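One letter stands for each residue in the lines below.
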Amino acid sequence: DEPTVDDYMPGYCCLDTPADTAFKKEGEEGPDFWGQYYTPSRSKRGMACQNRGMWHMGMSEEACSEGNGRWYRTPCVTLYKCIESRPHPGDRGYRDSFEDWVIDNELVIYDPSDLDQCEETRAALGFDENHLDDNAVCDYFEGYMCDEEFFNDLEYLVTSNNDAAPQSFEQVTYTPITYPPDADLVFDKLEERDDSSILEKAAEKPTPWLDSMKRTRQHMTAALEGVKDLYQKFAQDSEHFEVKYNSNCEAKVESMEQTSMVIEAASQALCLKIPAVVMGTSNPVYMGCMVAGQIKAKVKTAKLMAAGAACRVGANVLRNSVRGGSIHLEGLWVGAKIAHHVIDSQIFEAELAEKTTENIFNFTSKTHTNLIKHDQWVTDSLKKINRNIMLQHTQMRGELQDRHQDMTNDVNQYTTCMSNYLGIQIFEAIPGSKIAPGSLSTLCSNLLGVGSRRRLLANEGPYSLKVTYDDNSFIKDIKEIQVTEEHIIDGLHTLEEIEREILNREISILKKEEIIIEKEDIIIEDLATVKGKEDDILQNQEQILEEMQAIREALDITPQTPLPTRPPTRPPTVVTTPRPSSYRAAASCGNDSCEMDETSKSCHDCIGAQLDTTSYDQSMASSSESIKFVIKAKRAVAIKSLSFYTSTTARNSEITVKTQEGQYGRGIFSDWTTDGWTTVFHGRVFARGYVSRGAQLTTVKFDQDVVLTTGKAQSFEVHTASSRIMVQLGGQEGTLAGQDMALEVYVGRSGAQSPAAFGGIIEYDGLDD
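Computed from a prediction, not measured in an experiment: that's the story for all the values here. (Residues numbered from 1 in each chain as written. Predicted model: local features only at pLDDT ≥ 70, side-chain atom pairs only at ≥ 80, totals over all residues. Heavy atoms only, no water.)

Trainee: Could you give me a rundown of the overall build of the chain, with the residues and numbers involved?
Mentor: The number of helices and strands found in the chain is 13 helices and 17 strands. Counting over 769 residues, the chain shows a buried share of 31%. For the chain, the share of sequence-separated contacts (at least 6 apart) that also reach a separation of at least 24 residues comes to 76%. Carbon and sulfur atoms make up 55% of the accessible area of the chain, which amounts to about 49200 Å² in all. (Helix = DSSP H or I, 4+ residues; strand = E, 2+ residues; numbered from the N terminus. Buried < 20%, exposed > 50% of the residue type's maximum accessible area, 1.4 Å probe, protein only. Contact = heavy atoms within 4.5 Å. Areas by Shrake-Rupley, 256 points an atom, 1.4 Å probe, with all protein chains shown as cover.)

Structure (structure tokens):
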């Protein structure tokens, strides 16, 4: 992936806490990171930082800690690009001495996400392993490239020892130990508490009898108001009825009196019509009439008086009845008031007592509420304590293991550097032996406290071997052996020169023979042309003779002599012996190239021929666990072995090579099947890391040759288990990556499904179709 702006920061700040990580849902695969802090090691297992701090919090660990976050280093993209931008072979300003110094001191970063490589490079350039400003480290590195005096020193170190015998001393490299991650600690969550009984008790209410009393008082109040209204209404109506009733009695009596007076007046008027004196005497009729009238008037008055008295008696009776009803209603009203007062008093007493009960209830209710809150607080606290114990143990174990691993690597690295320093001291102590200054790597120089910028190895050091030799020392024998070896080597060189001269003469003779053969071919072709023309002439002659014969027969002319049909003889046909296909190959055999007309039976150039696909103008800084690629044959060949670089040194690197006919599958699920693949190599070999001094290839010889006929394609898959194979990323899968006169190699794919080209050597024998 292309780096982002965040990758150029010294680090990044993660503000996640264990409570921020999500629970793994049911059915989801992968580890559950709930309750754990984010770490880069867990990030490799799928954990992601949910909340990164502001950009400035990634400047340093102090800035991150101010925001209560955890700070982690980012890949050293800046330093990686800086070192990769140095001049490479073919670029302007490239120098072998500087490139050798970069490789020898292990300054090349192959994977910027590998923090160990970043730290080692910073330390090799004299900086702290965790130096925050990689731009400063880059400036320091570029200062070496632009320092002519430094280049002169390097050239001096390289050329000053040319006259001495070559010494073979290779420093021991140490591969840091990486322990596998431990299993997660056991973490059991607390069970959820059942608090339903507590909630039921908290929901209980006080005794409801007081509410009944208050409802009764309400009803009594309403009834009292009704009785009061009825009493007042009854009193008003009875008084009005009594007044009306008395008025009726008075009117009735008055009417009867008036009637009595009218009747009496009428009786008197009637009696007056009778003469009072008849015959001078009182008229008895008149007197009887007057008496009768008075009696009737008195009787009538008596009746009227009786009727008035009866009316008044009825009024009194009615008044007394109304007063009795009024008294009854008044008593009912007074009783209702008394009952209302009694209920009021009871309610007052009850409310007075209830206030005390309510206070107790409130205190009890609040105590109950506090107990619930306290219970919840205790439950949450126990959960946090349980989680904190697990997190603290996990963190403590991780920090202790990281520290132990760092201590182990530091001690082993120091021991390795001491071994290298001791080896240099031993070689320097041997008379006649010369070790180039600067043989000790910059990493070891900084670790042991020796060396400087101008001189990679100074005289000071942890110790210095003081060795003297007498005449009986084995060193004398070693010198004699070395002199003898030099004479033998000189003799071998002489033999090689003689063989080379003989070979050159043979080539010269073969070339002359080839010229002669070419001339013979020209002569043969000319003769064939002449023969062809002669055949054409003879055919024309035969046709003319046949036509003349036909004319004579048509004219009935008898020929005097028989006409010739064909010459009796022909020119002799030149019969040439075809040359064998390998004959021409002999002319170019010995040029270290397996030509198309040469085979392993006719020329040694076709035995162990090699197609080299390594590239010096492309980066080999990428590695992969495996690579698939296709080889297509231009001629019949037998592929015997593959050689390639590996990322690290491993004494027992497990390597597997498989092959199948044709093009491998490019589908999404093609890697899930092994149908059609045949294993041609599986074993453990000594793999020398690409970062090592010299960068030697790792070769695997097939158990059986893979034979390809002309025009056939064959797929190969190389898989490394201990040390990753170095590949060239880029290009498009299926495009041509390299070729020679016999083979074509195409861009394949890496184990990460990215286009990648095989960078190595393919060894094969040329066969005859």
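Still more ground to cover, so stick around.
Trainee: Just give me the short version of the nonpolar core, but keep the residues and values in it.
Mentor: One finds Ile 639, Leu 642 and Val 657 to be the most contacted residues of the largest nonpolar core, which totals 32 residues. Residues Leu 79, Phe 98, Val 137 and Cys 138 belong to the second largest nonpolar core, which totals 20 residues. (Core = buried A, V, L, I, M, F, W, Y, C linked by side-chain atoms within 4.5 Å.)

Trainee: Break down the packing of aromatic side chains for me, with residues and values.
Mentor: The final tally for this structure, using the stated rule, is 10 aromatic pairs. Centre to centre, the rings of Tyr 12 and Tyr 72 are 5.9 Å apart; their planes meet at 45°, and the pair counts as tilted. Placement of the pair is Tyr 12 in strand 1 (residues 11-14) and Tyr 72 in strand 2 (residues 70-73), with a sequence separation of 60 residues. Accessibility expressed as a relative area gives 12% for Tyr 12, which makes it buried. (Phe/Tyr/Trp six-rings, centres within 6.5 Å; stacked < 30°, edge-to-face > 60°.)

Trainee: Can you lay out the sheet that holds strand 17 (residues 760-766) for me, pointing to particular residues and giving the numbers?
Mentor: Spatially, 5-17-8-11 is the arrangement adopted by the four strands of the open sheet, whose pairing is antiparallel. Two strands in the sheet have a free side with no partner beyond their single neighbour: strand 5 (609-612) and strand 11 (698-708). Here the average twist between neighbouring strands, direction ignored, is 25°. When strand 8 (residues 637-644) meets strand 17, the two strands line up antiparallel, connected through seven bridges. Across the sheet, Ser 641 pairs through a bridge with Glu 763, a residue of strand 17. (Pairing = 2+ DSSP bridges. Axes fitted to C-alpha atoms, helices over the stretch in contact; angles between N-to-C directions.)

Trainee: Hey, could you go over the state of the cysteines for me, with residue numbers and the actual values?
Mentor: Summed over the entire model, instances satisfying the criterion amount to seven disulfides. Paired by a disulfide, Cys 76 and Cys 118 hold their sulfur atoms 1.9 Å apart. On the S-S bond that ties Cys 76 to Cys 118, the torsion sits near -70°, and the link is left-handed. Of this pair, Cys 76 sits in the loop between strand 2 and helix 3 (77-84) while Cys 118 sits in helix 5 (residues 115-124), and the two are 42 residues apart along the sequence. An identical accessibility class is assigned to Cys 76 and Cys 118; each is buried. (Disulfide = S-S within 2.5 Å.)

Trainee: Give me the environment of Gln 610: which residues, what numbers.
Mentor: Here Gln 610 is to be found in strand 5. C-alpha separation for the pair Gln 610 and Tyr 764, spaced 154 residues apart in sequence, amounts to 6.3 Å. Setting aside residues no more than four positions away along its own chain, Gln 610 makes contact with Asp 740, Ile 761, Ile 762 and Tyr 764.

Trainee: Please provide a residue-by-residue account of helix 4 (residues 96-104), values included.
Mentor: Inspection of helix 4 places Ser 97, Phe 98, Glu 99, Trp 101 and Val 102 among the buried residues, and these make up the whole buried set. Residue Glu 106 follows helix 4 closely and has a positive phi angle near 55°.

Trainee: If you had to explain the pairing of strand 14 (residues 736-739) to someone new, which residues and values would you point to?
Mentor: Across three bridges, strand 14 lies against strand 15 (residues 743-750) in antiparallel orientation. Of the residues in strand 15, the one forming a bridge with Gln 739 is Glu 744.

Trainee: Please give an account of the packing of helix 4 against helix 6 (residues 134-145) that cites residues and values.
Mentor: The description of two packed helices rests on the angle between their axes and on the distance between the axes. Packing of helix 4 against helix 6 leaves a shortest axis separation of 11 Å and a crossing angle of 145°. Along the contact surface, helix 4 presents Phe 98, Trp 101 and Val 102, while helix 6 presents Phe 141, Tyr 144 and Met 145.

Trainee: Describe helix 3, with residues and values.
Mentor: One turn of an α-helix holds 3.6 residues; hence residues three or four places apart share an orientation. For helix 3, a buried count of six out of eight residues is recorded, marking the element as mostly surrounded by other parts of the structure. Buried-residue contacts for helix 3 involve helix 5 and helix 6.

Trainee: Got a sec to walk through unusual backbone geometry? Specific residues and values, please.
Mentor: Phi at Asn 68 is positive, roughly 60°, even though this residue is not glycine. Of note, Asn 68 is situated in the loop between helix 2 (61-66) and strand 2. Residue classification places Asn 68 among the exposed positions, given a relative accessible area of 70%. Even without being a glycine, Glu 106 presents a positive backbone phi close to 55°. Among the structural elements, Glu 106 can be located in the loop between helix 4 and helix 5.

Trainee: Can you break down a negative patch on the surface residue by residue, with the values?
Mentor: On the surface, a cluster of negative charge is contributed by Asp 116, Asp 128, Glu 129, Glu 399, Asp 402, Asp 406 and Asp 410. Top element by residues in the negative patch is helix 10 (residues 284-429). It accounts for four residues. (Patch = residues over 30% accessible without salt bridge, like charges linked within 9 Å, V, L, I, M, F, W, Y side chains within 5 Å. Salt bridge = Lys/Arg side-chain N within 4 Å of Asp/Glu carboxyl O. Lys, Arg positive; Asp, Glu negative; His and termini not counted. Charge placed at Lys NZ, Arg CZ, Asp CG, Glu CD.)

Trainee: Can you break down the packing of helix 3 against helix 6 residue by residue, with the values?
Mentor: Where helix 3 meets helix 6, the closest approach of the two axes is 9 Å, and the angle between their N-to-C directions is 15°. It follows that helix 3 is roughly parallel to helix 6 by the angle criterion. When you trace helix 3 past helix 6, the crossing you get is right-handed. Contacts between helix 3 and helix 6 involve Thr 78, Leu 79, Cys 82 and Ile 83 from the former and Asp 134, Asn 135, Val 137, Cys 138, Phe 141 and Glu 142 from the latter. Classifying every residue of the contact of helix 3 with helix 6 gives six nonpolar, two polar and two charged. (Parallel < 35°, antiparallel > 145°, perpendicular 65-115°, else oblique. Left-handed = near helix turned anticlockwise from the far one by under 90°. Nonpolar A, V, L, I, M, F, W, Y, C, P; charged D, E, K, R; others polar.)

Trainee: Account for the side chain of Thr 656, naming residues and giving values.
Mentor: Note on placement: Thr 656 falls in strand 9 (residues 650-661). Of the polar contacts made by the side chain of Thr 656, one reaches the side chain of His 682; its length is 2.6 Å. Apart from residues lying up to four places away in sequence, Thr 656 is in contact with Thr 679, Phe 681, His 682, Glu 717, Val 718 and His 719. (Polar contact = N/O pair within 3.5 Å; in protein donor to acceptor, adjacent residues only side chain to side chain.)

Trainee: Provide a residue-level description of a nonpolar patch on the surface, including the pertinent values.
Mentor: A contiguous nonpolar surface patch, about 550 Å² in accessible area, is contributed by Leu 190, Trp 377, Val 378, Leu 382, Ile 385 and Ile 389. By secondary structure assignment, the location of Ile 389 is in helix 10.

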